[in-house]
Amino acid sequence: MQMWDAQADALRDFDVVRLEHPGHGGEPMIELRDVGDLARRVLAAVQSERFSFVGVSLGGAVGMKLALDAPERLDRLVLACTSARFGSRETWDERIALVRENGMEAIADAVLPRWFTPAFEDVQIFRAMLVATAPETYVRYCELLREFDLRGQLGPIAAPTLAIAGAEDPTSPPEQLESIAAEITGATVVVIPRAAHLANAERPDEFNKALLAHLAA
């Protein structure tokens, strides 16, 4: 949940529920079959009949599943720095093998430059969060994303949708957010300059401006 600290003040007038993915932030790991299981956890955790959802990266994948599987619960949707399909099966298999053989430290130096541009100064906070993740937990999420593919399936999403991209995001570059938006009627795209994959943390002022404009519309 710490990755959302930069949005906390901007959302002070909203009733906000921040959720940990299983295996993160002290939340116990559970058996996960697919990204849909994460979406169902959101539905169970949020007591409001209808709510807006904001997700970054994997959270964006969860948001897409929510919008498809429970449209009656969703008011507005923000999909940030995410993809309908993340990378290739070969890339995920290589990452899984590396973590299983050498642990989380081995992946940190490869992942963090994808999360942030070189100008970001607080990278060590996020490095600590990453390496604190149990290797097998990280591997399971890699497996979930390896199988995740909603390309060509987003047309039924009816919730007003904002797609946010980091201009320098190598993981989910702007063209991937534009592809998502192209499938969803009425969706809009905002590209944040000088931001990589965790644009909400690296460029919170620009991110929050777009976020609030969409949620308050």
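Whatever comes next refers back to the structure up there.
Here the structure is a predicted model, which is why all the values come from computation and not from measurement.

K.L.:
What is the right way to read the overall build of the chain from this model?
P.N.:
Helices and strands together make up the secondary structure of the chain, namely ten helices and four strands. Listing each helix as α and each strand as β along the chain from the N terminus yields α-α-β-α-β-α-α-α-α-β-α-β-α-α. Per-residue burial for the chain yields a buried fraction of 48% across its 217 residues. When contacts within the chain are restricted to residue pairs at least 6 apart in sequence, those whose partners lie at least 24 apart make up 70%. Of the accessible surface of the chain, which amounts to about 10,600 Å², a share of 50% is contributed by carbon and sulfur atoms. Of the charged side chains in the chain, 21 are positive and 33 negative; the average position of the first set lies 3 Å away from that of the second.

K.L.:
Explain unusual backbone geometry here, please?
P.N.:
Glycine aside, residues mostly have negative phi, and peptide bonds are mostly found in the trans state. For Cys81, which is not glycine, the phi torsion reads 50° and is therefore positive. For Cys81, the position within the fold is in the loop between strand 2 (74-80) and helix 4 (89-102). For Cys81, a relative accessible area of 1% translates into the label buried. Residue Arg194 is not a glycine yet carries a positive backbone phi of 55°. Relative to the elements of secondary structure, Arg194 occurs in the loop between strand 4 (188-192) and helix 9 (199-202).

K.L.:
Explain the side chain of Arg85 here, please?
P.N.:
Secondary-structure assignment places Arg85 in the loop between strand 2 and helix 4. Despite its burial, Arg85 pairs with no opposite charge, the nearest such side chain being Asp149 at 4.2 Å. Only 3.4 Å separates the side chain of Arg85 from the backbone oxygen of Leu145, close enough to count as a polar contact. Residue contacts for Arg85: discarding those within four places in its chain leaves Leu145, Arg146, Glu147, Phe148, Asp149, Arg151 and Gln176.

K.L.:
Got a minute to help me understand the sheet that holds strand 4 in this structure?
P.N.:
Within a sheet, each strand pairs with its neighbour through backbone hydrogen bonds, oriented either parallel or antiparallel. Within the open sheet, the four strands sit side by side as 1-2-3-4. Their pairing is parallel. The open sheet is flanked by strand 1 (51-56) and strand 4, the only strands paired with a single partner. With strand direction ignored, the average angle separating the axes of adjacent strands in the sheet is 15°. Together, strand 1, strand 2, strand 3 (161-166) and strand 4 form the strand contacts of helix 10 (residues 204-215), whose direction differs from that of strand 2 by roughly 160°.

K.L.:
Even after reading the chapter, I still don't get the packing of aromatic side chains, so can you show me in this structure?
P.N.:
Note on aromatic pairs: each is described by the distance of the centres and the angle between the planes. Going through the model one piece at a time under the given rule, you end up with five aromatic pairs. On the basis of an interplanar angle of 50° and a centroid distance of 6.3 Å, the ring pair of Phe86 and Phe148 is categorised as tilted. Note that Phe86 is positioned in the loop between strand 2 and helix 4 and Phe148 in the loop between helix 7 (135-147) and strand 3, a separation of 62 residues in sequence. The exposure class assigned to Phe86 is buried, which follows from its relative accessible area of 3%. Owing to a relative accessible area of 5%, Phe148 belongs among the buried residues under this scheme. A centroid spacing of 6.5 Å and a plane angle of 85° characterise the contact between Trp115 and Phe116, whose relative ring orientation is edge-to-face. Grouping residues by exposure puts Trp115 and Phe116 together as buried.

Cut-off values and rules
- Residues numbered from 1 in each chain as written.
- Predicted model: local features only at pLDDT ≥ 70, side-chain atom pairs only at ≥ 80, totals over all residues.
- Heavy atoms only, no water.
- Helix = DSSP H or I, 4+ residues; strand = E, 2+ residues; numbered from the N terminus.
- Buried < 20%, exposed > 50% of the residue type's maximum accessible area, 1.4 Å probe, protein only.
- Contact = heavy atoms within 4.5 Å.
- Areas by Shrake-Rupley, 256 points an atom, 1.4 Å probe, with all protein chains shown as cover.
- Lys, Arg positive; Asp, Glu negative; His and termini not counted.
- Charge placed at Lys NZ, Arg CZ, Asp CG, Glu CD.
- Salt bridge = Lys/Arg side-chain N within 4 Å of Asp/Glu carboxyl O.
- Polar contact = N/O pair within 3.5 Å; in protein donor to acceptor, adjacent residues only side chain to side chain.
- Pairing = 2+ DSSP bridges.
- Axes fitted to C-alpha atoms, helices over the stretch in contact; angles between N-to-C directions.
- Phe/Tyr/Trp six-rings, centres within 6.5 Å; stacked < 30°, edge-to-face > 60°.

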